[in-house]
Amino acid sequence: MRNLTTSTEEALFCPICSDVYRNPVILSCDHNFCHDCLWTFWKDGQTSACPLCKRRSSKTIPPFDFTLKTECDAVLLARASAAESELTCSTHSEKLGFFCLDDRQLVCGVCTDSGAHAEHQVRLVDEAGQELRAQLHDSLQSLKKKLRLLRRVKGSCDETAAHVKVQAGSALRRIQEEFRRLHRFLDEEEEARLVSLREEEEQKSRLMKEKIAALSRDISALSDIIKTTEEQLKAHNALFLQGYKETAERVRQPPADDPELASGTLIDVYSLYLILKLVKSQTTLINSCSCLFYFLFSWESQINTSL
Ligand SMILES: [Zn+2]
Ligand SMILES: [Zn+2]
Ligand SMILES: [Zn+2]
Ligand SMILES: [Zn+2]
């Protein structure tokens with residue numbers, strides 16, 4: 001292609017891509033570049049300087065050079081027509097001036113009258129170009145519509161994902177706080193129960209110790225009376241009767257009353273179980289409240305999301 005270019009055409013070459021300007025822009029230093037070439041250069045170099053004289057551009061979006069664009073578009077159009085006229089049928093060496101709609105390929109005039117395409121739907125190149133361009137344009141529009149829909153749905157998914165993250169973070173903090181409270185409550189209850197149990201054990205052990213000591217004293221005294229009385233019973237009558245009054249008195253009035261079986265001296269395990277049961281039911285209540293709370297919390301969040 002370069003060999004076929006004229007000097008006029010070369011004057012319209014972009015210094016970056018060395019081809020005729022496409023959508024030329026002009027910088028404040030009066031240098032021209034293709035729009036895309038300049039943007040790529042600026043993006044890659046992370047600069048907004050002129051690629052030729054290195055002067056910084058005063059505008060972040062340089063304006064199009066419409067005069068130059070008209071000239072360049074004319075050259076590009078002429079080039080395209082020339083390229084088109086160069087296309088010839090490989091079988092008949094004729095210009096490919098037609099398009100076969102059935103085979104979707106360019107054909108020459110001879111092809112349309114005879115051979116494989118004789119029965120096919122054939123159009124002039126310009127006519128077919130216009131028709132198929134319109135069809136493709138319609139397909140492109142529906143693709144663009146689909147793209148917009150996909151972007152909208154993705155945007156909504158992004159928002160939902162972000163909301164889920166916020167929800168999870170908030171719920172996590174609340175769960176931790178609820179369980180901290182629950183643990184504190186259980187620790188305090190455990191400590192209170194243990195203190196109360198230790199106090200009860202001390203009190204009841206002391207009472208038992210006192211009672212055992214009293215019983216031991218009574219046992220010892222009674223054993224003495226029984227032993228003395230038995231010895232008296234073995235004595236001769238005169239001796240027996242001599243000490244009888246005193247012995248009979250001791251036997252009639254023993255030093256100890258009949259002992260009562262200990263009651264209320266054991267630790268009230270049943271009451272302890274009742275308290276533990278109460279703690280358990282309170283824990284269940286706290287959990288139920290937590291469940292209700294989380295239900296309300298997530299319900300409220302769902303309402304907010306749907307709004
Ligand atoms: Zn260029
Ligand atoms: Zn410049
Ligand atoms: Zn042909
Ligand atoms: Zn055909």
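Here the structure is shown first, and the text comes after it.
First things first, this report covers the structure right here in the doc. Not measured: the values here are computed from a predicted model.

1. Brief notes about a negative patch on the surface
Together, D187, E188, E190 and E191 line one region of the surface with negative charge. Here E188 is to be found in helix α5 (residues 125-234).

2. Re the coordination of the zinc ion (ligand 2)
Protein coordination at the zinc ion (ligand 2): the donors are C29 (SG), H31 (ND1), C50 (SG) and C53 (SG), at 2.0 to 2.3 Å from the metal. Coordination at the zinc ion (ligand 2) comes from 4 donor atoms whose angles at the metal span 105 to 123°, giving a geometry best classed as tetrahedral. Sequence positions of the residues that donate to the zinc ion (ligand 2) give the spacing C-x1-H-x18-C-x2-C. For H31, a relative accessible area of 26% puts it in the partly exposed group.

3. Topic: the nonpolar core
The biggest cluster of nonpolar side chains holds 11 residues, and these are L12, F13, C14, V20, Y21, C34, C37, L68, C72, V75 and L76. The dominant element in this core, judged by the number of residues it contributes, is helix α3 (residues 66-86), at 4 residues. Setting aside anything within four residues of it in sequence, one finds C14 in contact with D19, Y21, F33, C34 and C37.

4. Concerning the environment of S223
Note on placement: S223 falls in helix α5. S223 sits in the partly exposed class, given a relative accessible area of 37%. Here the side chain of S223 touches I219 through a polar contact of 2.7 Å, landing on its backbone oxygen.

5. Here we look at the coordination of the zinc ion (ligand 1)
Protein coordination of the zinc ion (ligand 1) is provided by C14 (SG), C17 (SG), C34 (SG) and C37 (SG), with donor distances spanning 2.3 Å. Considering all 4 donor atoms around the zinc ion (ligand 1), the spread of angles at the metal, 105 to 120°, places the coordination shape in the tetrahedral class.

6. Considerations on α5
Under the 1.5 Å per step criterion, the end-to-end length of α5 is 154 Å for 110 residues, consistent within 8% with the ideal 164 Å. What α5 keeps buried is the set A128, S170, A171, E178, L182, E200, K204, I225 and T229.

7. Observations regarding a positive patch on the surface
A cluster of basic residues, K144, K145, R148 and R152, forms a positive patch at the surface. Checked against the element boundaries, R152 lands in helix α5.

8. Quick look at the sheet that holds strand β5 (residues 122-124)
Overall, antiparallel pairing links the 3 strands, which are arranged β4-β3-β5 in an open sheet. Edge strands, defined here as strands with exactly one partner in the open sheet, are β4 (105-107) and β5. Across this sheet, the average inter-strand angle for adjacent strands is 35°, counted without regard to direction. Examined bridge by bridge, strand β3 (residues 98-100) and β4 share 3 bridges and lie antiparallel to one another. By the bridge assignment, C100 is partnered in β4 with Q105. Relative to β5, α5 is tilted by about 100°, and along the sheet it contacts β3, β4 and β5.

9. Things to note about the packing of α5 against helix α7 (residues 244-252)
The relative placement of two packed helices is expressed as an angle between their axes plus a distance between the axes. The N-to-C vectors of α5 and α7 enclose an angle of 145°; their axes lie 10 Å apart at closest approach. As for how α5 packs across α7, the hand of that crossing is left-handed. The segment α5 lies against α7, with I225, T228, T229 and Q232 engaging Y244, T247, R250 and V251. A class-by-class count of the residues in the contact of α5 with α7 yields 3 nonpolar, 4 polar and 1 charged.

10. Points about the pattern of salt bridges
Scanning the model with the defined rule gives 11 salt bridges in all. Here R252 and E249 are joined by a salt bridge, their closest N and O atoms 3.1 Å apart. Placement of the pair is R252 and E249 together in helix α7, with a separation of 3 residues, close to one helical turn. Ionic contacts of the salt-bridge type, sharing partners, join the residues R123, E127 and E131 into one network.

11. A closer look at unusual backbone geometry
The phi dihedral of S18 falls on the positive side, at around 55°, and the residue is not glycine. By secondary structure assignment, the location of S18 is in the loop between α1 (7-10) and β1 (24-26). Of note in the backbone geometry, S93 takes a positive phi value of approximately 55° without being a glycine. Position of S93 relative to the elements: it lies in the loop between α3 and β3.

12. Here's the deal with the packing of aromatic side chains
Using the criterion set out here, one finds 3 aromatic pairs in the structure. With a centroid separation of 5.8 Å and 80° between ring planes, the pair formed by W39 and W42 is classed as edge-to-face. Residue W39 and its partner W42 are both found in helix α2 (residues 35-45); the two are separated by 3 residues, about one turn of the helix. For W42, a relative accessible area of 5% translates into the label buried. Ring geometry for F240 against Y244: centres 5.9 Å apart, planes inclined by 55°, an arrangement best described as tilted. Exposure remark for Y244: the relative accessible area of 44% places this residue in the partly exposed category.

Thresholds, definitions, all that
Positions within a chain are numbered from 1, following the residues in the order the chain's sequence is written. Here chains are named by letter from A upward and ligands by number from 1 upward, in the order in which they appear as written. Side-chain atom pairs in this predicted model are given and counted only at pLDDT of 80 or more, local residue features only at pLDDT of at least 70, and totals for whole chains, interfaces and linings cover all residues. Side-chain numbers here rest on the full set of heavy atoms in the structure, without hydrogens or water. Here, patches come from residues exposed beyond 30% relative accessible area and free of salt bridges, joined within 9 Å for like charges and within 5 Å for nonpolar side chains (Val, Leu, Ile, Met, Phe, Trp, Tyr). Surface accessibility follows the Shrake-Rupley procedure with a 1.4 Å probe radius. Residue values consider only the protein chains on display as shielding. A side-chain nitrogen of Lys or Arg and a carboxyl oxygen of Asp or Glu constitute a salt bridge if their distance falls within 4 Å. For the purpose of charge, His is not counted, nor are the chain termini; Lys and Arg are scored as positive and Asp and Glu as negative. Just so you know, the charge point we use is NZ for Lys, CZ for Arg, CG for Asp and CD for Glu. Counting from the N terminus, the helices are the DSSP runs of H or I reaching at least four residues and the strands are the DSSP runs of E reaching at least two. Distances decide who is a donor: an N, O or S atom must be within 2.8 Å of the metal, or within 3.2 Å for Na, K and Ca. Water is not included, so sites may look incomplete. Note on geometry labels: four donors, all angles 85 to 135 degrees, give tetrahedral; four donors become square planar and six octahedral when opposite donors are over 155 degrees apart and every other angle is between 65 and 115; remaining cases are irregular. In this scheme, a residue with accessible area under 20% of its type's maximum is buried, one over 50% is exposed, and one in between is partly exposed, where area comes from a 1.4 Å probe on protein chains only. Among buried residues, those of type Ala, Val, Leu, Ile, Met, Phe, Trp, Tyr and Cys that are joined through side-chain atoms within 4.5 Å constitute a nonpolar core. Throughout, a residue-residue contact means that at least one pair of heavy atoms, one from each residue, lies within 4.5 Å. Any pair of nitrogen or oxygen atoms within 3.5 Å is treated as a polar contact; in protein, a donor-acceptor pairing is required on top of that, and neighbouring residues in sequence qualify only through side-chain atoms on both sides. One less than the residue count of a helix, multiplied by 1.5 Å, gives the span that helix is expected to have. Should DSSP find at least two bridges between two strands, the strands are regarded as paired. For helices, the axis comes from a line fit to the C-alpha atoms of the stretch in contact; other axes are also lines fit to C-alpha atoms, and the angle between any two N-to-C directions lies between 0 and 180 degrees. Rotating anticlockwise by less than a right angle from the far helix to the near helix defines a left-handed crossing, while the corresponding clockwise rotation defines a right-handed one. The classification used treats Ala, Val, Leu, Ile, Met, Phe, Trp, Tyr, Cys and Pro as nonpolar, Asp, Glu, Lys and Arg as charged, and all other residues, Gly among them, as polar. Put simply, two rings from Phe, Tyr or Trp (the six-membered ring, in Trp's case) pair if the centres are within 6.5 Å, and we call them stacked under 30 degrees between planes, edge-to-face over 60, tilted for the rest.

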